[in-house]
Amino acid sequence: MFFKSSRKASKVEPLVLATAPSAGIFAGTKIATRHRWAPVEELSVGDKVLTAENGEQVIADIEVATLSLASAKANAGQWPLLVPEGAIGNDHAMMVSPDTRLVIEDDAAGVLFGEACVTVRAENLIGYRGIARARVKGELTHVTIRFEGAETLVVEGGVFIDLPAPNGVLRFTPLNDRQSRLLTRNMGESDRKTRARPVAAGWI
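Residues numbered from 1 in each chain as written. Predicted model: local features only at pLDDT ≥ 70, side-chain atom pairs only at ≥ 80, totals over all residues. Heavy atoms only, no water.

- Labelled according to an unreviewed UniProt entry, the protein appears under the name Hint domain-containing protein, originating from Litoreibacter ascidiaceicola.

Quick look at the overall build of the protein
- Secondary structure assignment for the protein yields four helices and 15 strands.
- Counting every position in the protein, which comprises 204 residues, the buried fraction comes to 48%.
- Within the protein, contacts between residues at least 6 apart in sequence are counted, and of these 66% link residues at least 24 apart. (Helix = DSSP H or I, 4+ residues; strand = E, 2+ residues; numbered from the N terminus. Buried < 20%, exposed > 50% of the residue type's maximum accessible area, 1.4 Å probe, protein only. Contact = heavy atoms within 4.5 Å.)

A word on the pattern of salt bridges
- By the definition in use, this model includes nine salt bridges.
- The salt bridge involving Arg 34 is made with Glu 56; its shortest N-O contact spans 3.4 Å. Of the two residues, Arg 34 sits in the loop between strand E2 (30-32) and strand E3 (37-39) while Glu 56 sits in strand E5 (residues 55-58), which places them 22 residues apart along the sequence.
- Overall, the relative accessible area of 29% leaves Glu 56 in the partly exposed class.
- With a shortest N-O distance of 2.4 Å, Glu 123 and Arg 133 are connected by a salt bridge. Taken as a pair, Glu 123 in the loop between strand E10 (117-121) and strand E11 (132-133) and Arg 133 in strand E11 lie far apart in primary sequence, ten residues in all.
- For Glu 123, a relative accessible area of 22% corresponds to the partly exposed category.
- The class for Arg 133 is partly exposed, based on a relative accessible area of 28%. (Salt bridge = Lys/Arg side-chain N within 4 Å of Asp/Glu carboxyl O.)

Quick look at the pairing of strand E4 (residues 48-51)
- Bridge count between E4 and E5: four bridges; the pairing is antiparallel. Looking at the pairing, Val 49 lines up with Gln 57 of E5. (Pairing = 2+ DSSP bridges.)

Focus on the nonpolar core
- One finds Ile 31, Leu 43, Ile 145, Leu 153 and Leu 183 to be the most contacted residues of the largest nonpolar core, which totals 38 residues.
- Element by element, the count of residues in this core is highest for helix H2 (residues 107-113), at four residues.
- The next biggest cluster of nonpolar side chains, apart from the first, holds six residues, and it includes Leu 50, Val 103, Val 154 and Phe 160. (Core = buried A, V, L, I, M, F, W, Y, C linked by side-chain atoms within 4.5 Å.)

Looking at the side chain of Ser 180
- Position of Ser 180 relative to the elements: it lies in helix H3 (residues 177-186).
- In terms of polar contacts, Ser 180 uses its side chain to reach the backbone carbonyl oxygen of Asn 176, at 2.8 Å.
- Apart from residues lying up to four places away in sequence, Ser 180 is in contact with Val 120, Arg 121, Asn 124 and Leu 175. (Polar contact = N/O pair within 3.5 Å; in protein donor to acceptor, adjacent residues only side chain to side chain.)

Some details on unusual backbone geometry
- With a phi close to 50°, Arg 129 is a non-glycine residue in the positive phi region.
- With respect to the helices and strands, the residue Arg 129 is situated in the loop between E10 and E11.
- Located in the positive-phi region is Glu 156, a residue other than glycine, with phi close to 45°.
- For Glu 156, the position within the fold is in the loop between strand E13 (151-155) and strand E14 (159-163).
- Accessibility expressed as a relative area gives 5% for Glu 156, which makes it buried.

Focus on the environment of Leu 50
- Turning to its location among the elements, Leu 50 is positioned in strand E4.
- Spatially, the C-alpha atoms of Leu 50 and Val 154 are 6.8 Å apart, while their sequence positions differ by 104 residues.

Set out below in structure tokens:
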């Protein structure tokens, strides 16, 4: 694989989040459960969903909020991102919060950081395979899911969202913004949709 940068990346330093960020899951996004892909807005505390590493886990808390795009205009950092179909293994186009921690599996992660899978803030993927700020009107329902510990949700056919434990620790190695941008510039164009789908398909 050809990499655009020959510079050696700095060693990945443990990144512990001061507070657990919002998962940034918007209404309409489908979450893997044992029997179906459930729209996130239909889930409740006590429901079981499938996670990437620990099988079924019980939802400990759910917070539902409304994102007013009119007020978000004053803060560009709040504006949701549109991820086109297939961009990161998703079966359908989806919207995520800029702070959502997405799990990335790519050869470049191993070469640059010595990790097969890492997590990046979604905002650092802007420009990759058409990922961009969403252009929507009105209001969006925004759902935050929490578990007792760190877990990785499976959404939209094979996208992994890393949710931290209450103390901010994540399951996969988190990259800071500079490292994430370096990874994005060097990520290959192999189709992760093909690799991710069999993992989820075995559960449904």
